[in-house]
Amino acid sequence: MTPVECDVWWAGPDLADPGLLELLDAHERARHARFRAAADRDRYVVAHALVRLVVGAAAGVPPAGVEFALRCRGCERGTDPRPEPHGKPYPVGAAAGVQVSLSHSGDRVVVALARGVEVGVDVETVAGARDIEGLAGFALTAAERADLEALPVADRTGAFFGYWARKEALLKATGDGLSGGLGNVAVNAPDAPARVTAWNLPDAPPHVRLTDLDAGPGYRAALAALTDAPLSVTARDAAALLAR
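Anyway, here's the lowdown on the structure attached to this text. (Residues numbered from 1 in each chain as written. Predicted model: local features only at pLDDT ≥ 70, side-chain atom pairs only at ≥ 80, totals over all residues. Heavy atoms only, no water.)

Details of the overall build of the protein
And then number 1: The secondary structure content of the protein amounts to 7 helices and 11 strands.
And then number 2: The C-alpha atoms of the protein give 18 Å as radius of gyration, which agrees with the globular expectation for 244 residues (18 Å, within 12%).
And then number 3: Overall size of the protein, expressed as C-alpha extent along the three principal axes, is 50 × 40 × 35 Å.
And then number 4: In the protein, which comprises 244 residues, the share counted as buried stands at 46%.
And then number 5: Of all intrachain contacts in the protein linking residues separated by at least 6 positions in sequence, the fraction that spans at least 24 positions is 60%.
And then number 6: Only carbon and sulfur atoms are counted for the fraction: they give 52% of the accessible area of the protein, which is about 11,500 Å².
And then number 7: Where the 25 positive side-chain charges of the protein centre and where its 31 negative ones centre are 2 Å apart. (Helix = DSSP H or I, 4+ residues; strand = E, 2+ residues; numbered from the N terminus. Rg over C-alpha atoms; globule rule 2.2 N^0.38 Å. Buried < 20%, exposed > 50% of the residue type's maximum accessible area, 1.4 Å probe, protein only. Contact = heavy atoms within 4.5 Å. Areas by Shrake-Rupley, 256 points an atom, 1.4 Å probe, with all protein chains shown as cover. Lys, Arg positive; Asp, Glu negative; His and termini not counted. Charge placed at Lys NZ, Arg CZ, Asp CG, Glu CD.)

So, the sheet that holds strand β9 (residues 209-213)
And then number 1: The strand order across the open sheet built from 3 strands is β6-β10-β9, with neighbouring strands paired in antiparallel fashion. The open sheet has two free edges, formed respectively by β6 (119-125) and β9, since each of these has just one partner strand. Across the sheet, the mean angle from the axis of one strand to that of its neighbour is 15°, orientation sign disregarded.
And then number 2: Relative to strand β10 (residues 219-225), β9 runs antiparallel, the two being bridged by 5 bridges. Each bridged residue has a counterpart across the sheet, and for L210 the counterpart in β10 is A224.
And then number 3: Sheet contacts for helix α6 (residues 153-174): β6, β9 and β10; angle to β6, the most-contacted strand, approximately 155°. (Pairing = 2+ DSSP bridges. Axes fitted to C-alpha atoms, helices over the stretch in contact; angles between N-to-C directions.)

Some details on the packing of aromatic side chains
And then number 1: Inspection of the entire model under this criterion finds 4 aromatic pairs.
And then number 2: Summarising the aromatic geometry, the rings of F160 and F161 are spaced 5.1 Å apart at their centres and angled 80° between planes, so their arrangement reads as edge-to-face.
And then number 3: Here F160 falls in the buried class, since its relative accessible area comes to 0%.
And then number 4: For F161, a relative accessible area of 2% corresponds to the buried category. (Phe/Tyr/Trp six-rings, centres within 6.5 Å; stacked < 30°, edge-to-face > 60°.)

Some thoughts on the packing of helix α4 (residues 132-139) against α6
And then number 1: Interhelical geometry of α4 versus α6 gives an angle of 30° and a closest axis separation of 11 Å. Here α4 lies roughly parallel to α6, going by the angle between them. Crossing hand, α4 versus α6: left-handed. Between α4, through I132, L135, A136, F138 and A139, and α6, the contact on the second element is made entirely by T157, F160, F161, W164 and K167. (Parallel < 35°, antiparallel > 145°, perpendicular 65-115°, else oblique. Left-handed = near helix turned anticlockwise from the far one by under 90°.)

Remarks on the sheet that holds strand β11 (residues 231-237)
Strand pairing in a sheet relies on backbone hydrogen bonds, with the paired strands running either antiparallel or parallel.
And then number 1: Pairing is mixed across the open sheet formed by 4 strands, whose spatial order is β4-β5-β1-β11. A strand with exactly one partner marks an edge of an open sheet, and here the two such strands are β4 (98-105) and β11. Averaged over neighbouring strand pairs, the angle between their axes works out to 20° when direction is ignored.
And then number 2: Where strand β1 (residues 4-11) and β11 come together, 7 bridges link them in parallel fashion.

Observations regarding α4
And then number 1: Along α4, the residues that are buried comprise I132, L135, A136 and A139. Each buried residue of α4 sits inside an arc of 105° when the element is viewed along its axis, so together they form one side.
And then number 2: On its buried face, α4 sits against α5 (142-149) and α6. (Arc of directions from axis to C-beta.)

Some words on the layout of surface pockets
And then number 1: In this structure, the largest pocket spans a volume of roughly 1,200 Å³.
And then number 2: Looking at the lining of the largest pocket, the elements with two or more residues in it are α1 (26-34), α2 (38-59), β2 (67-71), β3 (88-92), β4, β6 and α6.
And then number 3: Tallied by class, the residues present in the lining of the largest pocket amount to 15 nonpolar, 11 polar and 15 charged. (1 Å grid on protein atoms, 1.4 Å probe; cavity = no way out; pocket = protein on both sides within 12 Å on 5 of 7 lines; lining within 4 Å. Points joined across faces, edges and corners; volume = space filled by probe spheres on them. Nonpolar A, V, L, I, M, F, W, Y, C, P; charged D, E, K, R; others polar.)

As for the nonpolar core
And then number 1: The biggest cluster of nonpolar side chains holds 27 residues, and the ones touching the most others in it are L50, V54, V55 and L242.
And then number 2: Going through the elements one at a time, β1, α2, β4, β5 (108-115) and α7 (239-243) are the ones with two or more residues in this core.
And then number 3: A total of 10 residues in this core trace back to one element, the largest contributor, which is α2.
And then number 4: For V54, the residues in contact, after removing those within four places along its chain, are W9, V111, L113 and L241.
And then number 5: In terms of nonpolar packing, the next biggest core, distinct from the first, is built from 25 residues, F161, L170, L171 and V187 among them. (Core = buried A, V, L, I, M, F, W, Y, C linked by side-chain atoms within 4.5 Å.)

Examining the environment of V45
And then number 1: As for its position among the elements, V45 is in helix α2.
And then number 2: Separated by 97 residues in sequence, V45 and A142 have C-alpha atoms that sit 38 Å apart.
And then number 3: Apart from the residues lying within four places of it in its own chain, the contact partners of V45 are A16, L20, L21, L24 and H32.

Focus on the side chain of S105
And then number 1: Tracing the backbone through its elements, the reader meets S105 in strand β4.
And then number 2: S105 sits in the buried class, given a relative accessible area of 13%.
And then number 3: The contact partners of S105, leaving out residues within four places of it in the chain, are R43, V123, E124, T125 and Y219.

Listed below in structure tokens is the structure:
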């Protein structure tokens, strides 16, 4: 079976530049302006400008001309009450058929791109100050919590965020997002190659590929693709692309 080619572009908020705002649409610029912290504004503009740059390059259109439609399966089910536009971005128009997902946390910004196969990507900062026990009750199944508690205490925080990144990547690939419920998806232990062990939703995808990504020390990241074909993942540095 022919592998699905997936490019994973990495950047950081330090690459933010006022010129990148010109690539965003009016809604994105308005949301960017609402962030109070400069670091949050920088992460946002780098992520959303990078999406337009990589989609534009893949589709052969100027990045400022890339258009998106948003889809939220939670809204379709009536389980997501948010009124503002949200959901997974789907390129439309000249870029239709290109599939993309983005995520950012701390000093990491990541965009995943494939053709014809829906993808989801997530990166998480390993934050020891978070209430891991409380979050685990919300995000993990009983079996996953048992596996987490069997680990040495020093390893639990990193393992928890490994679980989270895998699950959120899966839910972003389908367009469910967090409204799909992290606890509805089960994955294997983070110290083993990533795979889905259960998906307790009636419209769960029949085929999915899941793989961990190397986001560097202090981070956990994962990529999901809705396909039964093997994945061929190429990591790329986005610095030169953003500088142009």
